[in-house]
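Here is what each chain is made of, one letter per residue.
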Amino acid sequence: MTKLQFTFSPAVAEALAAGDPLVALESTIITHGMPFPANLETARAVEDVVRANGAVPATIALIDGDIHVGLDDARLERLARAQGVAKASGRDLAALMVRRGTAGTTVSATMRIAALAGIDIFATGGVGGVHRGAGETFDVSADLTELGQTGTTVVCAGVKSILDIPKTLEYIETQRVPVVAYGSEDFPAFFTRSSGLKADHSLSSPEEIARLMIAHASLGSGTGILIANPIPEADALSPDFIDATIADAVREAEARGISRKEVTPFLLQRINELSQGRSLAANIALVKNNAALAARMAEAHAKLKR
Ligand code: PSU
């Protein structure tokens, strides 16, 4: 088998060689999750947050058929401005590499690439999950099966209620993936600090999570870990407001027959429009909050591994 070659940025290559803390970041949030220029500003700001908290950011994307681990600013800007680029989950990567394609990588693709590159921790906004109506459509994000197979620790703000949150948690349980809420008993719902459902476990420091990662790895299950970090209180949206907005967007998606991998980007964009930018502001705040926690975890984890 030929070994997959990645294109590492100099900063990422150096950190990997030295065993310094690193945080992987996804790029579908740039290509499909936010409008330009907020996507570019956020991508840059999130990298700065990782650096300010003691780790090296490694934004992952597919550019002209090459898998990049760590993007320079010119590539980040190209990705943020690109129109009509692909959204690559893990299963799309090989075909896009052959076609020399350019794509944002989803949580599933990014966690797989991070693991192959030797990066243990990955920060994002929300992971995909079981869609509402999945009993009929079978629409379950590949993020969840990837979590069951790839040993990356993913920091998110829970999942959005565009999804069926109870079914998503059931599916994650079936995949044997530990779910830990950070500093809370509740599993958060992205825009709000609680989904109304309890998380299986709660931890309250980056050091504890780093110890959990080491213990989990020693058990050899091979699964990832999902860390659910609630949005900061000051940035959270009111549950009534966001639930009504999401319900309108979901109805519209159904009426327009939006399906498959178009569903999530459509809903994100419509919710942003319907909320007049309030959902985008919350999204930016929670991604930065996750990046800060992930960097502090990476620092604690790198110390334990030395
Ligand atoms: N949820 C968000 N923002 C996002 C995504 C999900 O709040 O940008 C992106 C992530 O990249 C995630 C992907 O991996 O959407 C899931 O897509 P799907 O539901 O088609 O699997």
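What counts, and where the lines are drawn
- Residues numbered from 1 in each chain as written.
- Predicted model: local features only at pLDDT ≥ 70, side-chain atom pairs only at ≥ 80, totals over all residues.
- Helix = DSSP H or I, 4+ residues; strand = E, 2+ residues; numbered from the N terminus.
- Rg over C-alpha atoms; globule rule 2.2 N^0.38 Å.
- Buried ≥ 20, exposed ≤ 12 C-beta atoms within 10 Å, placed from the backbone.
- Contact = placed C-beta atoms within 7 Å.
- Near = placed C-beta within 6 Å.
- Nonpolar A, V, L, I, M, F, W, Y, C, P; charged D, E, K, R; others polar.
- UniProt positions renumbered as here; feature names shortened; annotations may be inferred.
- Pairing = 2+ DSSP bridges.
- Core = buried A, V, L, I, M, F, W, Y, C linked by C-beta atoms within 7 Å.
- Axes fitted to C-alpha atoms, helices over the stretch in contact; angles between N-to-C directions.
- Parallel < 35°, antiparallel > 145°, perpendicular 65-115°, else oblique.
- Left-handed = near helix turned anticlockwise from the far one by under 90°.

This brings us to the overall build of the protein chain. Within the protein chain, the secondary structure is distributed over 13 helices and 13 strands. Against the 2.2 N^0.38 benchmark of 19 Å for 306 residues, the protein chain shows a C-alpha radius of gyration of 18 Å, consistent with a compact globule. Burial statistics for the protein chain: of 306 residues in total, 52% are counted as buried. Contacts spanning at least 24 positions in sequence make up 75% of the contacts within the protein chain whose residues lie at least 6 apart.

Here we come to the site of the ligand. Residues in contact with the ligand amount to 16 residues; listed here are only the nearest, Thr-28, Gly-33, Val-107, Gly-128 and Ser-141. Among the secondary structure elements, those contributing two or more residues to the shell around the ligand are α2 (28-33), α8 (142-147) and α12 (263-274). Among the elements that take part in the shell around the ligand, α2 stands out by supplying 3 residues, more than any other. For the shell around the ligand, a count of residues per class yields 4 nonpolar, 8 polar and 4 charged.

UniProt records the feature "active site" (unreviewed entry) at Glu-26 and Lys-160, using the numbering of this structure. Residue class for Glu-26 comes out buried when judged on the 28 C-beta atoms lying within 10 Å of it. Ignoring any residue separated from it by four or fewer positions in sequence, one finds Glu-26 in contact with Ile-60, Thr-105, Thr-106, Val-107, Thr-110 and Thr-124. You can call Lys-160 buried: it has 26 C-beta atoms within 10 Å.

Let's shift gears to the pairing of strand β9 (residues 179-182). Pairing of β9 with strand β13 (residues 225-228), which is carried by 3 bridges, proceeds in the parallel orientation. Within β13, the position partnered with Val-179 by the bridge is Leu-226.

The UniProt entry lists Asp-139 under the feature "binding site: Mn(2+)" (unreviewed entry), expressed in the numbering used here. Relative to the helices and strands, Asp-139 resides in the loop between α7 (134-137) and α8. Overall, Asp-139 belongs to the partly exposed group, with 19 C-beta atoms counted inside 10 Å. In contact with Asp-139, not counting residues within four places along its chain, are His-131, Ala-134 and Val-263.

The tendency in soluble globular proteins is for nonpolar side chains to be buried side by side. Judged by nonpolar contacts, the single largest core of 95 residues is most densely connected at Val-23, Ala-58, Val-154, Ala-291 and Ala-294. The element contributing the most residues to this core is helix α13 (residues 278-305), with 13 residues.

Quick look at the packing of helix α11 (residues 239-255) against α12 now. At a minimum axis distance of 9 Å, the contact between α11 and α12 shows a crossing angle of 130 degrees. Viewed along their axes, α11 and α12 adopt a mutual orientation that is oblique. Of the two elements, α11 crosses α12, and the hand of that crossing is right-handed. Where α11 approaches α12, its residues Thr-245, Ile-246, Asp-248, Ala-249, Val-250, Glu-252 and Ala-253 are matched on the opposing element by Val-263, Phe-266, Leu-267, Arg-270, Ile-271 and Leu-274. For the contact of α11 with α12, the residue count by class is 9 nonpolar, 1 polar and 3 charged.

So, on to helix α6 (residues 107-117). Among the 11 residues of α6, 9 are classified as buried, and the element is accordingly described as predominantly covered. What α6 keeps buried is the set Val-107, Ser-108, Ala-109, Thr-110, Met-111, Arg-112, Ile-113, Ala-114 and Ala-117. One or two residues past the end of α6 sits Gly-118, with phi positive at roughly 90 degrees.

The subject of this paragraph is the environment of Gly-65. As for its placement among the helices and strands, Gly-65 is situated in the loop between β3 (56-63) and β4 (66-69). The class for Gly-65 is partly exposed, based on 13 C-beta atoms found within 10 Å. C-alpha of Gly-65 to C-alpha of Met-97: the two residues are 32 residues apart in sequence and 4.1 Å apart in space. Apart from the residues within four sequence positions on either side, Gly-65 is in contact with Met-97, Arg-100 and Gly-101.

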